[in-house]
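Chain residues, written in single-letter form:
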Amino acid sequence: MMRKKNRLSSDELRQLFLDFFREKDHPILPGSPLAPHDDPTLLFNTAGMVQFKPYYVAKGAIPYRRAATVQPCLRASDLESVGRTARHHTFFEMLGNFSFGDYFKEEAILWAWEFSVDRLGLPADKIIVSVYQDDDEAAEIWEKKVGIDSRKILRRGKKDNYWGPAGNSGPCGPCSELHLDMRENGGDTYDLDAEGDSILEYWNLVFPQFDQTPEGEKLPLPNRGIDTGMGLERLCQIMQGVATNYETDLFVPIIETVRGYSKGIDTERGDGLEAVRVIADHTRALVFSVNEGVLPGNEGRGYVLRRLLRRALLRANRLGIQDLVFDRIGEAVIDKMRGAYPDLEKNRARIVGTIRAEEERFRKTLENGLEVFRRVTFRLRENEETSLSGQDIFRLYDTYGFPVELTEELAVAEGFTLDTDSYRAEMEEQRSRSRWTVGDEEESVLDLTGIESRFVGYDHDRCETEIVALYRGGARVESLDRGDEGVAVLAESPFYAESGGQVGDRGSLAGEGEDPVFQVNDTRKSEGDHPLLIGVAKISFGVGDRVRAQVESARRKRIEKNHTATHLLHKALRTVLGDHVHQAGSLVAPDRLRFDFVHHSKTTAEEIDRIERMVNEKILENVNVDIREVGFDEAKKAGAMALFGVKYGDRVRMVSVDDWSRELCGGLHVSGTGEIGPFLITTESAVGSGNRRIEAITGHAALDRIRNGRMQLASIAEQLRTTPEEASDRLAALQARTHELEKELLEARQSVAGDQFGELLQDAESLGDVRIVAAVLKGSDPPGLKSLVDRYRNETEKVIVVLGIRTGDKAFLVAGVTDDLLDRGYAAGDLVGRVAAKLGGRGGGKQTFAQAGAKDGAGLDAAIQAVPEIVRSLTPGG
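Residues numbered from 1 in each chain as written. Predicted model: local features only at pLDDT ≥ 70, side-chain atom pairs only at ≥ 80, totals over all residues. Heavy atoms only, no water.

### A short note on the sheet that holds strand S28 (residues 625-631)
We apply this condition: Two strands qualify as a pair provided that DSSP identifies no fewer than 2 bridges between them. Counting from the N terminus, the helices are the DSSP runs of H or I reaching at least four residues and the strands are the DSSP runs of E reaching at least two. Here an angle of 0 to 180 degrees is reported between the N-to-C directions of two axes, which are lines fitted to C-alpha atoms, with helices fitted over the stretch in contact.
Judged by pairing direction, the sheet is antiparallel, and its 3 strands sit side by side in the order S28-S29-S30 without closing on themselves. Both outer strands of the open sheet, S28 and strand S30 (661-664), are each paired with one neighbouring strand and no more. The average undirected angle you get between the axes of adjacent strands in this sheet is 25 degrees.

### Notes on the packing of aromatic side chains
Aromatic rings in a pair are described by how distant their centres are and how their planes are angled relative to each other. Cut-off, in case you're wondering: For this analysis, a ring pair means two rings from Phe, Tyr or Trp (six-membered ring only for Trp) whose centres lie within 6.5 Å, classed as stacked if their planes differ by under 30 degrees, edge-to-face if by over 60, and tilted for the remaining angles. For each residue, the accessible area found with a 1.4 Å probe, counting protein chains only, is set against the maximum for its type, and the residue is called buried under 20%, exposed over 50%, and partly exposed in between. Counting as a charge over the ring demands two things of the Lys NZ or Arg CZ atom: a distance within 6 Å of the ring centre and an angle within 35 degrees of the ring normal.
Counted according to the given criterion, the structure contains 24 aromatic pairs. Ring geometry for phenylalanine 20 versus phenylalanine 21: centroids 5.0 Å apart, planes at 85 degrees, classification edge-to-face. Grouping residues by exposure puts phenylalanine 20 and phenylalanine 21 together as buried. Members of the aromatic cluster, joined through ring pairs, are Phe17, Phe20, Phe21, Phe115 and Trp203. Its end group placed over the ring of phenylalanine 104, arginine 224 keeps NZ or CZ at 3.9 Å from the ring centre. Lying over the aromatic face of tyrosine 458, arginine 653 brings its terminal NZ or CZ to 3.6 Å of the ring centre.

### A few points about the packing of helix H17 (residues 553-577) against helix H18 (residues 605-620)
Here is the rule we go by: Roughly parallel refers to an angle under 35 degrees, roughly antiparallel to one over 145, roughly perpendicular to one between 65 and 115, and oblique to any angle outside these ranges. If you view the pair so one helix is near and one far, a crossing is left-handed when the near helix is turned anticlockwise from the far one by less than a right angle, and right-handed when it is turned clockwise. In what follows, a contact means two residues having at least one pair of non-hydrogen atoms within 4.5 Å. Residue classes follow a fixed rule: Ala, Val, Leu, Ile, Met, Phe, Trp, Tyr, Cys and Pro count as nonpolar, while Asp, Glu, Lys and Arg count as charged, and any other residue, Gly among them, counts as polar.
At their nearest, the axes of H17 and H18 sit 9 Å apart, and the two run at 135 degrees to each other. Between H17 and H18, the angle is such that the two are oblique. Relative to H18, the crossing made by H17 is right-handed. Contacts between H17 and H18 pair Leu568, Leu569, Ala572, Leu573, Thr575, Val576 and Leu577 from the former with Glu607, Arg610, Ile611, Met614, Val615, Lys618 and Ile619 from the latter. In the contact of H17 with H18, the residues fall into 10 nonpolar, 1 polar and 3 charged.

### Topic: the sheet that holds strand S26 (residues 583-588)
Here we have 4 strands laid out as an open sheet, ordered S26-S27-S32-S31, and antiparallel in their pairing. Taken across any chain shown, the strands that pair with only one partner, and hence form the sheet edges, are S26 and strand S31 (679-686). With direction set aside, neighbouring strand axes in the sheet form an average angle of 15 degrees. Across 6 bridges, strand S27 (residues 593-598) lies against strand S32 (residues 691-698) in antiparallel orientation. Note that in S32 the partner of phenylalanine 597 across the bridge is arginine 692. Relative to the sheet, H17 contacts S26, S27, S31 and S32, its axis offset from that of S27 by approximately 25 degrees. In the packing of helix H20 (residues 699-719) onto the sheet, contacts are made with S31 and S32, and the angle to S32 comes to roughly 90 degrees.

### Some details on empty space enclosed by the protein
Keep this limit in mind: Only protein atoms enter the 1 Å grid, on which a cavity is a set of points fitting a 1.4 Å probe that cannot get out and a pocket is an open set with protein on both sides within 12 Å along at least 5 of 7 lines, lining residues being those with an atom within 4 Å of a point. Grid points are joined across faces, edges and corners, and a volume is the space filled by probe spheres set on the points.
Evaluated as defined, the whole model comprises 2 cavities of 30 Å³ or more. Space inside the second largest cavity adds up to approximately 40 Å³. Considering the residues around the second largest cavity, the lining is formed by Ile800, Val817, Tyr826, Ala827, Leu831, Val871 and Leu874. Residue classes in the lining of the second largest cavity are distributed as 7 nonpolar, no polar and no charged.

### Digging into the nonpolar core
Here is the rule: We call a set of buried residues a nonpolar core when its members are Ala, Val, Leu, Ile, Met, Phe, Trp, Tyr or Cys and they connect through side-chain atoms within 4.5 Å of each other.
Residues Trp142, Tyr202, Trp203, Phe288, Phe326 and Phe402 are the most contacted members of the largest nonpolar core, which totals 112 residues. Ranked by the residues each element gives to this core, the list is headed by helix H9 (residues 270-291), at 11 residues. In contact with phenylalanine 326, not counting residues within four places along its chain, are Ile279, Thr283, Leu309, Ala312, Leu313, Ala316, Ile355 and Glu359.

### Concerning the side chain of asparagine 161
Put simply, the rule is: Here a polar contact means two N or O atoms within 3.5 Å. Within protein one must be a hydrogen donor candidate and the other an acceptor candidate, and residues neighboring in sequence count only if both atoms are side-chain atoms.
Examined against the element boundaries, asparagine 161 turns out to sit in helix H5 (residues 158-161). Assessed through its relative accessible area of 0%, asparagine 161 is described here as buried. A polar side-chain atom of asparagine 161 sits 3.2 Å from a polar atom in the side chain of serine 130. If we skip the residues at most four places from it in the chain, asparagine 161 touches Ser130, Val131, Tyr132, Arg156, Pro174, Cys175, Ser176 and Glu177.

Encoded structure:
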């Protein structure tokens, strides 16, 4: 371990690394997003080189030849090791320096040595290096240029010192690792596998120099280079002289926060120690992910977050923590990391609010789910069974929100396994329930063997074509008769199939005459991307017939307007609300558009106005909408937004509105924004935790809404006897006057009640030393009754009061008992319940105050007259 005088904080180590490589002429670049918005194939960023991958294979100009970064990373592949080992984490920071066709092995090795020994002060005699077994060049640099004893240069195989390509092709090459001998007095043997944590790897220098083909051939890389990675958490452990990463300044304040909430559980060792470590680690991952707009959910990145929080919640449960605390643990993470990541402070409210909402949701079902799990395992033990059924696993997932991995973790701890095959069958059955159908048959069973259908709708809304397949009731047929519902497939189809939120086209197929032979009511997409025309035969026709396919053009034009408006809305939302906003769903229909997006809070009226104004300004500019097919990597470089979870091919369709909005999209659009017409937001609402929804209309629909609103305003102004421009002021004046009158009425009622207070007390019936006030009041209301009862309770002694009023045909009752009668067993709730029962009603409350309602207002007088007798029946010995 390092001597205490060399102890450097995590902030100092980050800066020291960047300053060193700045001196070596490296541009200091920001890390790429933890959740890459431009690469939907990647769940989370797992290495610093991710943003630079294209630079190694680029054959043209690139913006940088060298760079240095601090990259936030998230990996969920070693969850079972988190908290149990000294150094496994989900979220971590990677310090890296990179070269793309610039410097190579010698500079990378010499600089790594210089930084380790001269800047960090690591003892040179404690550093051991490993190289790839065939990399003589790297070994020679370490021995001849650096001067390391050859015994400390360890040659290792592909498994340890060679970085293969992502998949079966791409950049690859050998690597060299730096290790620190943590043994007190060192040693003469350096078996990296046998020594475990005694010899600690802290820096990996990767030398990408080959471009591997799918056939396995290794070609020279256009820009051979350097890709290094040094984990900040591990470096902090070394430099701060502690035994584990969890004892560094990156974790200590978070872990101490967790310990502050634990309930008498030992958190210094065993399961308790593991629990606080898991909670601290997972909360760091949650904070950084939510900061970038990722929200807990059931798919993709959201599923990873939901799983992490629920794993952490189980540990909190074991520590006796029952309160909502993860938002406060998240605050501790922000407090620690905000210096290096200022956005955490800027987005604090959104981050902690999102975490709290997710914790609250799962805590509602956690205990019930654990109880179900306990019952299941008890039953299995009783029956001497060892595996949870798919039905049990699915129930825990579907009803109680337990991810299957969480159930597996619980099961393994209890000595059980999971029947994952039957679980998958349960999930498939659930999915099948949501599939669309044609007639009585599911779309997925249509036999499309040998069928080819080409979509030509980007350029045409009509075409001459041939019918290549027909279906009735899910079965492939040669013809349809008049009135048959079925599906038609065309050789060339101008009909857009429902996809990406855009609804399918409607229209008709016509034969030799002008009359349609098939009315197209909807267009869906098969699993092979064939446009399936769903509709009704108007006359008999068959496979092989030539037809004129005609899309309902006016309807499609309205859809195009709404689709382009959706892109403008997306950009406006990100501009006004922040870059964390991204699409969570959409509907593009002819009469409206709906856009679901990730955002933590209700959009204010002012924000809605700015968003709406921004979209309309872009429409008024009549900007050209450029649509072109480009390579996926080219689109990413151009800044095109991609939807997470969508699988894109090598060629994609990029829709650009000037340089303002650029998205990957397969839908239909106008050629210029001016075609959209007015844009009007109609509603903004919540559609789940962290998801908002905006609905809007465009064109004639927006004009009609504006015209109707203007007519309604004119009508309101006429009723207010003013002009539309002054209607708001006139209404405000009327509201103010109404408020004054209500205040005067309340004061009058209170005055009447004050007069009644003494009169009713004077007329009270006595039962020993107890006075009974019972009356039906006129001119009062429920708040007035409650206020009067409170006066009796606060200003008198030994009084029982029951008051009633009629509200239309119904009755309302209030009862009170002064504190000095409580020890005699009188209870207002019991009393008012018995009175209400005489009127067919019921009520309840506390011992001192209660209220009731009843439908029979006509019998109120008789019920109140019975109060003294009811009190006597409640009096001990009465």
